[in-house]
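A structural walkthrough
Next come the chains, spelled out residue by residue.
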Amino acid sequence: MNIRPETAQDTQDIAALILAAFHNHSHQDPAKGTTEHRIVQGLRDAGALSLSLVAQDGEDIVGHIAFSPVDLEAASVSPGSWLVMAPVSVAPARQGQGIGSRLIRQGLEQLKALDVEGVVVLGEPDYYTRFGFHHQHQLSVPGLPAGYFMAQRLDGKAPIYLQATVNFHPAFDV
């Protein structure tokens, strides 16, 4: 399996993968259905994908991960120095094989090399804490469950003393 940056030729395959991975997911609003593929396309159209990786097995794209900038309101940080990791998608038939873990680890390593200060994620704590995400921070997102909102610093500074409201790119508003 090869993990590599997405290319323009991958966009339709990525959209189909995300749709399959999140189809009837438990966290979705049934009235809206799957929106993650539209979020990624909106980020791509706005030039707001800081890092977008695919896992390719043979000719098939079996995984995808996206990172995009967040605004830390009331914190003095450089624009683009904090990112959100979302979504992480793996083809349903390939889930549980470590593909998502490889994408996350490789993505975080690449972001460290790019001097990104930190990353936030909204998701299952039992899953994301194994990658260094934690709740010991003073960041918040109004309207989202705090128990599922985690962060980690990539710049070696710890713990997170920033006190700020996190604002996602408008593409997340779909």
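Residues numbered from 1 in each chain as written. Predicted model: local features only at pLDDT ≥ 70, side-chain atom pairs only at ≥ 80, totals over all residues. Heavy atoms only, no water.

**Focus: a nonpolar patch on the surface**
A cluster of nonpolar side chains, contributed by Leu122, Leu144 and Tyr148, occupies part of the molecular surface with about 240 Å² of accessible area. The topology assignment puts Leu122 in strand E6 (residues 118-122). Residue classification places Leu122 among the partly exposed positions, given a relative accessible area of 39%. (Patch = residues over 30% accessible without salt bridge, like charges linked within 9 Å, V, L, I, M, F, W, Y side chains within 5 Å. Areas by Shrake-Rupley, 256 points an atom, 1.4 Å probe, with all protein chains shown as cover. Salt bridge = Lys/Arg side-chain N within 4 Å of Asp/Glu carboxyl O. Helix = DSSP H or I, 4+ residues; strand = E, 2+ residues; numbered from the N terminus. Buried < 20%, exposed > 50% of the residue type's maximum accessible area, 1.4 Å probe, protein only.)

**Section: the environment of Gln56**
Summarising the element assignment, Gln56 is placed in strand E2 (residues 51-57). On the basis of relative accessible area, Gln56 is assigned to the buried category, the value being 18%. Sequence-wise, Gln56 and Leu111 are 55 residues apart; in three dimensions their C-alpha atoms are separated by 20 Å. Once you skip the residues sitting within four places of it in the chain, Gln56 turns out to touch Met1, Asn2, Arg4 and Ile61. Among the polar contacts listed, one links the side chain of Gln56 to the backbone oxygen of Gly58, at a separation of 3.1 Å. (Contact = heavy atoms within 4.5 Å. Polar contact = N/O pair within 3.5 Å; in protein donor to acceptor, adjacent residues only side chain to side chain.)

**Thoughts on the side chain of Arg44**
As for its placement among the helices and strands, Arg44 is situated in helix H2 (residues 36-45). Looking at Arg44, the relative accessible area reads 18%, which means it is buried. Engagement of the side chain of Arg44 in a polar contact is seen with the side chain of Glu6, the distance being 2.8 Å. Residues in contact with Arg44, not counting those within four places in the same chain, are Glu6, Thr11, Ile14 and Leu49.

**Some thoughts on the pairing of E6**
Counting buried residues in E6 gives 4 out of 5 residues, a clear majority hidden from the surface. Two strands pair when backbone bridges link them, and strand E5 (residues 82-90) and E6 are joined in this way by 3 bridges, in the parallel orientation. Residue pairing in the sheet places Trp82 in a bridge with Gly118 of E6. Relative to strand E8 (residues 149-153), E6 runs antiparallel, the two being bridged by 5 bridges. Note on E8: the bridge partner recorded for Gly118 is Arg153. (Pairing = 2+ DSSP bridges.)

**A closer look at H2**
All of the buried residues in H2 are Glu36, His37, Ile39, Val40, Leu43 and Arg44. Take H2 and look down its axis: the buried residues cluster within an arc of 160°, on one side only. In this structure, the buried residues of H2 make contact with helix H1 (11-22), strand E3 (60-69) and E5. Just downstream of H2, Gly47 is the residue with a positive phi angle, here 70°. (Arc of directions from axis to C-beta.)

**Regarding the packing of H1 against H2**
Contact geometry of H1 with H2 gives a least axis separation of 8 Å together with a crossing angle of 150°. In terms of axis orientation, H1 runs roughly antiparallel to H2. Contacts between H1 and H2 involve Thr11, Ile14, Ala15, Ile18, Leu19 and Phe22 from the first element and Glu36, His37, Val40 and Arg44 from the second. (Axes fitted to C-alpha atoms, helices over the stretch in contact; angles between N-to-C directions. Parallel < 35°, antiparallel > 145°, perpendicular 65-115°, else oblique.)

**A word on the sheet that holds E3**
Here we have 6 strands laid out as an open sheet, ordered E1-E2-E3-E5-E6-E8, and mixed in their pairing. Among the strands making up the open sheet, the edge pair consists of strand E1 (2-5) and E8. Averaged over neighbouring strand pairs, the angle between their axes works out to 25° when direction is ignored. Sheet topology note: the E1/E2 ladder contains 4 bridges and is antiparallel. Along E2, the bridge assignment pairs Pro5 with Leu53. Sheet strands touched by helix H3 (residues 99-113): E1, E2, E3, E5, E6 and E8. Its angle to E2, the strand with the most contacts, is close to 140°.

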